[in-house]
Amino acid sequence: MTLYPKLITDALATVIYAGTKKNLIESEMLADDVRIDGMKVEFTLIFPKETDPFLKSTVKAAEAAIHYHVSKDVEVNIKIETKQKPRPEVGKLLPKVKNVVAVSSGKGGVGKSTVSANLAIALARLGYSVGLLDTDIFGPSVPKMFNVEDARPYAVEVDGRNLIEPIEKYGVKLLSIGFFVDPETATLWRGGMASNALKQLIADANWDELDYLILDTPPGTSDIHLTLLQTLAITGAVIVSTPQQVALADARKGIDMYSNEKVNVPILGLIENMAWFTPAELPENKYYIFGQGGCKKLAEEMNVPLLAQIPIVQSICESGDKGEPAALHPELPTGQAFLALAQAVVTVVNKRNRELEKTKIVETHK
């Protein structure tokens, strides 16, 4: 028996691709590279993306069609290509993002997400292009804080890749796993699933050009932090703590996580949140209900700047719950505090970039 290309294309025309409900030829999935050598045939099928759910079944069906319609003695070799370009390798992600700043804490409940949201908005109000990535896979809060819980990001094609388009609010590009899961349902994922979801939010999103990408990290030290350190070259970290001793003890662990020799991410400074309570009716009064000066002492001990002391003011909590963070109101003391924090972060980041080498991604050791 003599093989020739039309025998192959006719056979493949009997195979329906489930993605288009048309056959492989009509779907233009056969590349122009059919090679025949005696009873051997080789060709390439082009799929929309690497993760195509119909890829394996389609390849098997194509091979079976040739054996059925041409000859069971044909040796078939099918190569696979995808229209979508592969994800850039680690180390080449986000080339247009100038600075990546992790907002971190040793423990929960210190207002880290509040600080992240207000810092991002304040930087945008200073004229910088800013993105905010909610990396807390199990407890995302950014959608609520920006009042975009009902938003659903869509895909855009950029340079041959389908990317997630971040939601934009208050001049800040936002992404969170909270946009893709039911807010009323607990996210019961193993560490590997959570890490893969986070990688998608980083690598498969259209962040484009940013002066600052702020990472709102989960509390503690976990798989998520390791994924971030192994995926992104983090410019520096800011540590959020409250003044009481238990929070400061955990803040030390957060500092060590970034500054130990295996990670070596610069600590840009500390932020003391809930530094004091000021009643609305007594704006000049300060009540140090969690202790006084704890973060200042820790900053001196660790030889890092104290970037800001943010007071407890009821309006900060209320504005966050309403999706209108305090940094939107620079005429108020709380808004001024976050603008001052943003200016301090710009200063320390510029100093860090002048004096230190770029952070290296933490390598995975198997």
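Presented here is an overview of the structure given in this document. (Residues numbered from 1 in each chain as written. Predicted model: local features only at pLDDT ≥ 70, side-chain atom pairs only at ≥ 80, totals over all residues. Heavy atoms only, no water.)

With that settled, consider the sheet that holds strand S3 (residues 35-37). Pairing is mixed in the open sheet, where three strands are placed in the order S3-S4-S5. Where the open sheet ends on each side, the last strands, each with one partner, are S3 and strand S5 (75-82). On average, each strand axis in the sheet is inclined to that of its neighbour by 20 degrees, with strand direction left out of account. Bridge analysis of S3 against strand S4 (residues 40-47) gives three bridges, and the strand direction is antiparallel. Across the sheet, Asp 37 pairs through a bridge with Lys 40, a residue of S4. Running at roughly 150 degrees to S5, helix H2 (residues 55-69) makes contact with S4 and S5 of the sheet. (Pairing = 2+ DSSP bridges. Helix = DSSP H or I, 4+ residues; strand = E, 2+ residues; numbered from the N terminus. Axes fitted to C-alpha atoms, helices over the stretch in contact; angles between N-to-C directions. Contact = heavy atoms within 4.5 Å.)

Time to look at the environment of Gly 335. Residue position: Gly 335 is located in helix H10 (residues 333-355). Note: C-alpha distance between Gly 335 and Asn 118 (217 residues apart in sequence) is 8.4 Å. Those residues in contact with Gly 335, other than ones at most four positions away along the chain, are Ala 326, Ala 327, His 329 and Pro 330.

The subject of this paragraph is the pattern of salt bridges. Per the counting criterion, the structure on display carries 10 salt bridges. Glu 355 is the salt-bridge partner of Lys 351, the closest N and O atoms lying 3.1 Å from each other. Placement of the pair is Lys 351 and Glu 355 together in helix H10, with a separation of four residues, close to one helical turn. Overall, the relative accessible area of 41% leaves Lys 351 in the partly exposed class. With relative accessibility at 53%, the residue Glu 355 sits in the exposed group. What you see here is one network of salt bridges that share partners, running through Arg 35, Glu 42 and Lys 79. (Salt bridge = Lys/Arg side-chain N within 4 Å of Asp/Glu carboxyl O. Buried < 20%, exposed > 50% of the residue type's maximum accessible area, 1.4 Å probe, protein only.)

Where empty space is left can be seen by rolling a probe of water-molecule size over the atoms. As enumerated under the stated definition, the model contains one cavity of 30 Å³ or more in all. Looking at the largest cavity, its volume works out to about 30 Å³. Taken together, Leu 229, Leu 232, Ala 233, Ile 234, Val 263, Val 265, Thr 359, Lys 360, Ile 361 and Val 362 make up the full set of residues lining the largest cavity. A class-by-class count of the residues in the lining of the largest cavity yields eight nonpolar, one polar and one charged. (1 Å grid on protein atoms, 1.4 Å probe; cavity = no way out; pocket = protein on both sides within 12 Å on 5 of 7 lines; lining within 4 Å. Points joined across faces, edges and corners; volume = space filled by probe spheres on them. Nonpolar A, V, L, I, M, F, W, Y, C, P; charged D, E, K, R; others polar.)

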